[in-house]
Amino acid sequence: MNPLDAIALALPLVLNVESFLALFTGIVVGVIAGAIPGMSATMAVALALPFTFALQPITGILLLLGVYKGGIFGGSIPAILIKTPGTPASSATVLDGYPMAENGQAGKALGMALYASCTADLMSNMALILFAGWLASFALSFGPPEFFTLILFSLTIIAGVSGKNLVLGLISAALGLLLATVGLDLVYGTNRFNLNDPNLMGGLNFIAVLIGLFAIPEILAYVWRPEETRGNIRALGAQHVTFGEYRKCLPTILRGGVIGVVLGSIPGIGAAPAAFLSYSEARRNSKNKDNFGKGEIEGVAASEAGNNGVCGATLIPLLALGVPGDVITAIIIGAFMIHGLQPGPMMFIANVDIIYALFLGLIVSSIMLLGVGSVAIRFFRYIAEIPRPVLLPTVFILCVYGVYAVNNNVFDIGVMFATGLLGYFMLRASIPPAPFLIAFILGPLLEDNFRQAMLMSGGSGEILFRSPITWVFWGLTAITIATLIRRGLKRGKAAEPGLDALE
Amino acid sequence: MTERISWLGLGFVAFGLFVLLAAIPYAVTSPSNVPKLVLAPTFWPTIVGWLIIGLGVLLTLLRFFGAAAHDPADDDAGPASAAAWLRLAGALGVMTALVYVTPVLGMVWTAMLAFAGLSLLVRSSRPVMSAVVAIVLPLALYGFFAHVAGVAVPQGDFVQLP
């Protein structure tokens, strides 16, 4: 089917009130959640997921993508106004955004953050449209051995960017792999850690694990130390971004967008490294190098373009290969599955209308973000003043209803609490939860493809090296591991020996 | 000497051993006619068990050979006062009760009580707002899930909602 036919099929799915309303609601929810320090875009997408069950697949997924995009932008508002990034992706925005706010230019900083975000977001969406189909057509020739090596490579990358400590990131991923084995064995149908309990035969509920891991630990952490952490909110100021300033920053925004697209399309990198790389490149190429860190508008443009440039690009591996680009797209993959869709190359054949509807919806979302963002900037004061003693119990109740709604089963609430306790232990032990979740999702795919390959070859490992594609992925995996070890050893020599060596 | 011991690392070694020696033999069933070891249901969990042990050993060694290495398990999320432990235990109590009380009281009423319980634990500075949200939120969510999403929200044995 040619793209024009696909667009013709997709248009009725997007051009309706439900889809526009879903996108709008998603962006509003995302911006609000991103703007509340302590809430994250990840948590917002996780909490919004159960509300999409009653919707059509495309409407539900558009809502979640709206939350994702809104959340990433929303994080920049507190970063600029109260020096507290709403999401990790906005950490680089603080560097110049807050000094601008201190100089009475908060309105200008927020305006530039919004325009840079929307421009980079649009670039990212265009990259998705251009490259996802191409990558999917290439991936159609993949069999189980190729998918096994691809997923293995994705896991090594994710482990490598799993936070400060590589070993703890790997342990987190190993725990995720272990929990993913709970349930009936897919080949022989025998029990695996399910203790003959029918509730566990299908494995642990993905939504329960996800919400338990990302929302419950935050609630327990607040219960442990119930303190209000509210910064001094800076006034917006009278200044706004002029078209001349936007034009002056456009090369920086375009560069940041490209960096975001490239890093976003590689599984596991995420928005925060893209924002920092974009910021450092902008500084290196700027005439106002010395002003960076003191309130340079180009710095705000660079970091926001970097982090929003990731949003569409993370969907490239998700849609084309079925591999999540980051933790939020890992949640969105769950939404696809709940609606009976399996992201991957086959989706470009079986559900091409939904794929193109998503593309169209994403373009609309960039324009909507512009409108919602402008309003959110003015109302931030009210968002920031939501008291945490009310907010966190609210999140708790949303978790309970949301998890129950997946299977109409109270048992899943228990799973959520158990995973929440595990997540709290991980939080206290500085073990990052993201590798856990991604391994929990990729684990079954890794195992299934491995076992299918073994069934095909009668148990011979040679099949895992059968084609140039598998050799490429084995090579990339080896290079990634070698790079990680080399970087760890270098840091170990430069800094203190010991655990920090692998940070 | 004790500062060189990574309790976290040793904990993971112990957990990995538990997986290999107790959990897999007890809770993973493998048919006797499996033609190849790599196809057995126990193969993958065994690999993961060894991976956990290996990483636990690595964590322990890094701590042991690092002169002043920092153990992430030492990280403090705040003052470990008796009150903090009590609040945490209270929150766990709320969670446990919620699972067992929901089928009896129904989700709406249990959620209201759980909200109130958590608000009391953190000593909400806005008691009126908390009380209002504790009542309105579970009802609103019931309305959405029961009447829009078609979810059979548990009603309990006492008060039935329309």
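Everything discussed here concerns the structure shown above.
In this text, all values refer to a predicted model and were calculated from it rather than measured experimentally. (Residues numbered from 1 in each chain as written. Chains lettered and ligands numbered in written order. Predicted model: local features only at pLDDT ≥ 70, side-chain atom pairs only at ≥ 80, totals over all residues. Heavy atoms only, no water.)

**Q** I tried to follow the overall build of chain A on my own but got confused; where do I start?
**A** Counting its regular elements, chain A contains 22 helices and 0 strands. Expressed along its principal axes, the backbone C-alpha trace of chain A runs to roughly 70 × 60 × 50 Å. The burial tally for chain A puts 62% of its 503 residues in the buried class. Residue pairs in contact within chain A that sit at least 24 positions apart in sequence constitute 78% of those at least 6 positions apart. For chain A, the accessible surface area stands at approximately 18000 Å², while carbon and sulfur atoms represent 65% of it. Here chain A contributes 27 positive and 27 negative side-chain charges, whose respective centroids are spaced 11 Å apart. (Helix = DSSP H or I, 4+ residues; strand = E, 2+ residues; numbered from the N terminus. Buried < 20%, exposed > 50% of the residue type's maximum accessible area, 1.4 Å probe, protein only. Contact = heavy atoms within 4.5 Å. Areas by Shrake-Rupley, 256 points an atom, 1.4 Å probe, with all protein chains shown as cover. Lys, Arg positive; Asp, Glu negative; His and termini not counted. Charge placed at Lys NZ, Arg CZ, Asp CG, Glu CD.)

**Q** Just checking my understanding: could you explain the packing of helix H1 (residues 7–27) of chain B against helix H2 (residues 43–65) of chain B for this structure?
**A** How two helices pack is summed up by the angle between their axes together with the distance between the axes. All names here are of chain B. At a closest axis distance of 7 Å, the pairing of H1 and H2 adopts a crossing angle of 160°. Between H1 and H2, the interaxial angle falls into the category roughly antiparallel. Our pair here, H1 against H2, has a crossing hand that is left-handed. Within the contact between the two elements, H1 uses Leu8, Gly9, Leu10, Phe12, Val13, Phe15, Gly16, Leu17, Val19, Leu20 and Ile24 and H2 uses Pro45, Thr46, Gly49, Trp50, Ile52, Ile53, Gly56, Val57, Leu59 and Thr60. Residue classes in the contact of H1 with H2 are distributed as 15 nonpolar, 6 polar and no charged. (Axes fitted to C-alpha atoms, helices over the stretch in contact; angles between N-to-C directions. Parallel < 35°, antiparallel > 145°, perpendicular 65-115°, else oblique. Left-handed = near helix turned anticlockwise from the far one by under 90°. Nonpolar A, V, L, I, M, F, W, Y, C, P; charged D, E, K, R; others polar.)

**Q** How do you make sense of the nonpolar core when you look at a structure like this?
**A** Where a protein is soluble and globular, its nonpolar side chains tend to be buried together. Counting 217 residues, the largest nonpolar core has A:Phe396, A:Tyr401, A:Ile413, A:Met416, A:Phe417 and A:Leu437 as the members making the most contacts within it. Looking at this core element by element, the count peaks at 15 residues for helix H7 (residues 106–139) of chain A. Once you skip the residues sitting within four places of it in the chain, A:Tyr401 turns out to touch B:Met107, B:Val108, B:Ala111, B:Pro138, B:Leu141, B:Tyr142, B:Phe145 and B:Val153. (Core = buried A, V, L, I, M, F, W, Y, C linked by side-chain atoms within 4.5 Å.)

**Q** Just checking my understanding: could you explain the packing of aromatic side chains for this structure?
**A** Each aromatic ring pair is characterised by the separation of its centres together with the angle its planes make. If you walk through the whole model with that rule in mind, you get 19 aromatic pairs over all chains. Geometrically, the ring pair formed by A:Phe148 and A:Phe450 is tilted, given 5.4 Å between the ring centres and 45° between the ring planes. Note that A:Phe148 is positioned in helix H8 (residues 144–160) and A:Phe450 in helix H21 (residues 433–457), a separation of 302 residues in sequence. Residue classification places A:Phe148 among the buried residues on the basis of a relative accessible area of 6%. Site record: aromatic cluster; members linked through ring pairs are A:Phe148, A:Phe450, A:Phe465, A:Trp471, A:Trp474, B:Phe43 and B:Trp44. (Phe/Tyr/Trp six-rings, centres within 6.5 Å; stacked < 30°, edge-to-face > 60°.)

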